[in-house]
Amino acid sequence: MAQTMTDSHKQCLAIKRLAEKSYITNVVKHDSLFAKLEWTFSFGSLVFHHDESSTPVDFSKYRMRLVYRPNKKGNDKIKVFIEEPALEKKKHFWQDGSLCLWKGSNFQWKKGMNIEKDLFPSICTWIYHYEKWVETGFWHGEEANH
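**Student:** I keep staring at the pairing of strand 2 (residues 37-43) and nothing clicks. Help me out?
**Tutor:** Each regular strand displays side chains that alternate between the two surfaces of the sheet. Here strand 2 lies mainly inside the structure; seven of its seven residues are buried. Alternating positions in strand 2 separate into two faces, Leu37, Trp39, Phe41 and Phe43 on one and Glu38, Thr40 and Ser42 on the other, with burial throughout. Relative to strand 5 (residues 63-68), strand 2 runs antiparallel, the two being bridged by six bridges. Residue pairing across strands places Leu37 opposite Tyr68, the latter belonging to strand 5.

Below, the structure written as structure tokens:
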């Protein structure tokens with residue numbers, strides 16, 4: 001009888017695939033007694049595709065913490081935090097310090113979504129827009145009040 005893979009196991013495999021592709025490095029899985037999975041990782045150098053152009057970007061200075069709570073609902077299920085570097089300017093963060101990756105009313109994390117395909121591109125896009133905002137004073141991505 002074949003076993004069904006749990007959602008938590010699928011998310012662990014998604015993190016593993018990102019590391020195998022060298023999109024993220026220095027991955028550490030933090031075991032928890034609570035109903036959550038947590039990883040810290042650094043970014044590698046990536047090619048960012050935006051506005052029909054490709055731009056090599058070095059996101060390696062960013063160390064992230066990703067918290068996945070399979071028993072929560074919606075956007076409380078998954079949270080992303082920047083551990084390093086300490087950011088002097090703040091824009092598009094939730095009160096708990098996690099990144100505001102999506103307009104809450106337009107997006108909810110749903111069953112079947114995947115860290116590799118559904119979350120990782122949003123993190124990269126957020127960092128890209130954040131760096132452009134620090135550089136130019138203008139947030140080039142979508143914005144919502146929070």
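**Student:** Honestly, the side chain of Thr40 in this entry has me stumped. Any pointers?
**Tutor:** Mapped onto the fold, Thr40 is located in strand 2. Among the polar contacts made by the side chain of Thr40, one reaches the side chain of His30 at a distance of 3.1 Å. A polar contact is formed between the side chain of Thr40 and the side chain of Arg63, at a distance of 2.9 Å.

**Student:** Where do I start with the nonpolar core in this structure?
**Tutor:** Soluble globular proteins tend to bury their nonpolar side chains together. Phe43, Met64 and Leu119 are the most contacted members of the largest nonpolar core, which totals 37 residues. Elements with a minimum of two residues in this core: helix 1 (7-20), strand 2, strand 3 (45-50), strand 5, strand 6 (78-84) and helix 2 (115-136). With ten residues, helix 2 is the single largest residue contributor to this core. Ignoring sequence-local partners within four residues, the contact set of Phe43 consists of Tyr23, Ile24, Thr25, Phe59, Ser60, Tyr62, Met64, Phe120, Ile123, Cys124 and Ile127.

**Student:** Sorry, what's going on with the side chain of Glu38 here?
**Tutor:** Mapped onto the elements of the fold, Glu38 is located in strand 2. For Glu38, the side chain forms a polar contact with the side chain of Lys36, separated by 3.4 Å.

**Student:** Would you take a moment to explain unusual backbone geometry for this structure?
**Tutor:** Keep in mind that most residues, glycine aside, have a negative phi and that most peptide bonds are trans. Between Glu84 and Pro85 the backbone carries a cis peptide bond, its omega angle lying at -5°. Looking at the element boundaries, Pro85 is found in the loop between strand 6 and helix 2. Positive phi is not limited to glycine here, since Ser22 has a value of about 65°. Considering the arrangement of structural elements, one finds Ser22 in the loop between helix 1 and strand 1 (24-30). Unlike most non-glycine residues, His92 shows phi in positive territory, near 65°. When you line up the elements, His92 lands in the loop between strand 6 and helix 2. By relative accessible area, His92 is classed as buried at 9%.

**Student:** Quick question: what am I supposed to make of the sheet that holds strand 6 here?
**Tutor:** In a beta sheet, neighbouring strands pair by backbone hydrogen bonds and run either parallel or antiparallel. The strand order 1-2-5-6 describes an open sheet built from four strands, whose pairing is antiparallel. Each having just a single partner strand, strand 1 and strand 6 make up the two edges of the open sheet. Averaged over all pairs of adjacent strands, the angle between strand axes in this sheet comes to 20°, irrespective of strand direction. As paired elements, strand 5 and strand 6 share six bridges and run antiparallel to each other. Pairing of Met64 across the sheet is with Ile82, part of strand 6. Its contacts with the sheet put helix 1 on strand 1, strand 2 and strand 5, and the angle it makes with strand 1 is roughly 155°.

The rules we used
Residues numbered from 1 in each chain as written. Predicted model: local features only at pLDDT ≥ 70, side-chain atom pairs only at ≥ 80, totals over all residues. Heavy atoms only, no water. Buried < 20%, exposed > 50% of the residue type's maximum accessible area, 1.4 Å probe, protein only. Helix = DSSP H or I, 4+ residues; strand = E, 2+ residues; numbered from the N terminus. Pairing = 2+ DSSP bridges. Polar contact = N/O pair within 3.5 Å; in protein donor to acceptor, adjacent residues only side chain to side chain. Core = buried A, V, L, I, M, F, W, Y, C linked by side-chain atoms within 4.5 Å. Contact = heavy atoms within 4.5 Å. Axes fitted to C-alpha atoms, helices over the stretch in contact; angles between N-to-C directions.

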